[in-house]
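Coordinate inspection notes
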Amino acid sequence: MFTDIKQTMDNPVVHRITAYAAFDGSPEGIKKIVQKYQSNPDLHFYAWVENGETLGICGYEIHNDKIEVHLISVDENARSRKIGSSMITALQEMYKKDVEAETSCGAVEFYRKRGFETTEFMDGIKGKRHTCVLKIAGEAL
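Please read all numbers here as calculations on a predicted model, not as lab measurements.

Focus: the sheet that holds strand β2 (residues 43-50)
Taken in spatial order, the seven strands line up as β1-β2-β3-β4-β5-β7-β6 in an open sheet, and their pairing is mixed. Single-partner strands in this sheet number two, and they are β1 (2-4) and β6 (117-123). This sheet shows a mean twist of 30 degrees between the axes of neighbouring strands, independent of strand direction. Set on the sheet, helix α1 (residues 12-19) makes contact with β2, β3 (53-62) and β4 (66-74); between it and β3 the angle comes to about 65 degrees.

A look at the packing of aromatic side chains
Tallied over the full model, the rule gives seven aromatic pairs. When the centroid spacing of 6.2 Å and the interplanar angle of 40 degrees are considered together, the rings of F2 and W48 count as tilted. Of this pair, F2 sits in strand β1 while W48 sits in strand β2, placing them 46 residues apart in sequence. In terms of burial, F2 and W48 fall into one category: buried. When the centroid spacing of 5.3 Å and the interplanar angle of 70 degrees are considered together, the rings of Y37 and F45 count as edge-to-face. Grouping residues by exposure puts Y37 and F45 together as buried. The aromatic ring of Y20 is capped on one face by R79, whose charged end is 4.7 Å from the ring centroid.

So, the environment of T18
Within the secondary structure, T18 is located in helix α1. For the pair T18 and I57, spaced 39 residues apart in sequence, the C-alpha separation works out to 6.7 Å. Among all residues touching T18, those that are not within four sequence positions of it are I30, I33, F45, I57 and L71.

A look at the confidence of the model for the protein
Note: predicted coordinates in regions of low pLDDT should not be interpreted at a detailed level. When pLDDT is averaged across the protein, the result is 91; 96% of the residues are at 70 or more. The secondary structure element of the protein with the lowest average pLDDT is β6, at 87, and the one with the highest is β2, at 97.

Definitions and cut-offs
- Residues numbered from 1 in each chain as written.
- Predicted model: local features only at pLDDT ≥ 70, side-chain atom pairs only at ≥ 80, totals over all residues.
- Heavy atoms only, no water.
- Pairing = 2+ DSSP bridges.
- Helix = DSSP H or I, 4+ residues; strand = E, 2+ residues; numbered from the N terminus.
- Axes fitted to C-alpha atoms, helices over the stretch in contact; angles between N-to-C directions.
- Contact = heavy atoms within 4.5 Å.
- Phe/Tyr/Trp six-rings, centres within 6.5 Å; stacked < 30°, edge-to-face > 60°.
- Buried < 20%, exposed > 50% of the residue type's maximum accessible area, 1.4 Å probe, protein only.
- Lys NZ or Arg CZ within 6 Å of the ring centre and 35° of its normal.
- pLDDT = per-residue confidence, 0-100.

Next comes the structure, spelled out in structure tokens:
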């Protein structure tokens with residue numbers, strides 16, 4: 001189940017899963033992410049939970065024309081169970097909008113395998129990055 005955990009995201013399991021996707025996965029970096037999400041009403045933080053166990057997280061922002069994914073990560077013991085895909089599908093079903101994400105070269109295949117169109121660019125701080133866009137089913141690119 002895809003559920004809102006924004007107010008309860010400050011726990012060790014969520015921190016560990018978030019660290020896989022965070023630019024700064026240190027304890028201090030994760031603390032900043034928690035503060036950022038909990039203090040900003042425009043940011044959303046959901047988890048994929050099965051049998052009471054958090055298996056994946058997704059931090060995102062809703063825009064007029066799209067959902068912008070800032071963080072998406074799955075517990076390393078639950079990978080290859082399509083949880084990441086399920087979270088992307090849940091976002092599109094909830095909001096009926098395109099999904100967009102910016103990611104590193106190491107994570108771009110996750111998006112490509114799910115049908116996202118990707119565009120490479122250079123970021124002055126983070127280096128080579130990719131913009132990934134998944135249109136709502138039936139929309140032309």
